[in-house]
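So the chains spell out like this:
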Amino acid sequence: MTTVTLEYCVPCGFRERALDTQEAILSSLEGEIDRFELVMGDHGVFRVEVGDEIVYDKERDTFDVDAIVRDVRAAL
């Protein structure tokens, strides 16, 4: 089962960014994903994982929705 997890910081106000990213991923890859989890977090987190592989982390990557979708696709 392929699970994509998007964890975002609630206090930082990243909800809209998370929802936009979720929509982009599901619009492109919905048929290839078994489960999508949206996880509320804190401490500035914004991370996308496919299974156990981190494909995007705001601490190391520049935010680009199209690049995140490509990276999720590559990890599937």
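Residues numbered from 1 in each chain as written. Predicted model: local features only at pLDDT ≥ 70, side-chain atom pairs only at ≥ 80, totals over all residues. Heavy atoms only, no water.

This brings us to the pairing of strand β1 (residues 3-9). The two faces of the sheet receive side chains in turn, since in a regular strand these alternate between them. Judged by how many residues are buried, β1 sits mostly within the fold: 6 of 7 residues are covered. Both β1 and strand β2 (residues 35-41) contribute to a ladder of 7 bridges, which runs parallel. By the bridge assignment for β2, tyrosine 8 is matched with methionine 40. The handedness of the β1 to β2 crossover, carried by helix α1 (residues 15-29), is right-handed. (Buried < 20%, exposed > 50% of the residue type's maximum accessible area, 1.4 Å probe, protein only. Helix = DSSP H or I, 4+ residues; strand = E, 2+ residues; numbered from the N terminus. Pairing = 2+ DSSP bridges. Right-handed = clockwise from strand over helix to strand, strands pointing away.)

Position of aspartate 57 among the secondary structure elements: in strand β4 (residues 53-57). What makes aspartate 57 buried here is its relative accessible area of 13%. Sequence-distant contacts of aspartate 57, defined by excluding residues within four places in its chain, comprise Phe46 and Arg47. (Contact = heavy atoms within 4.5 Å.)

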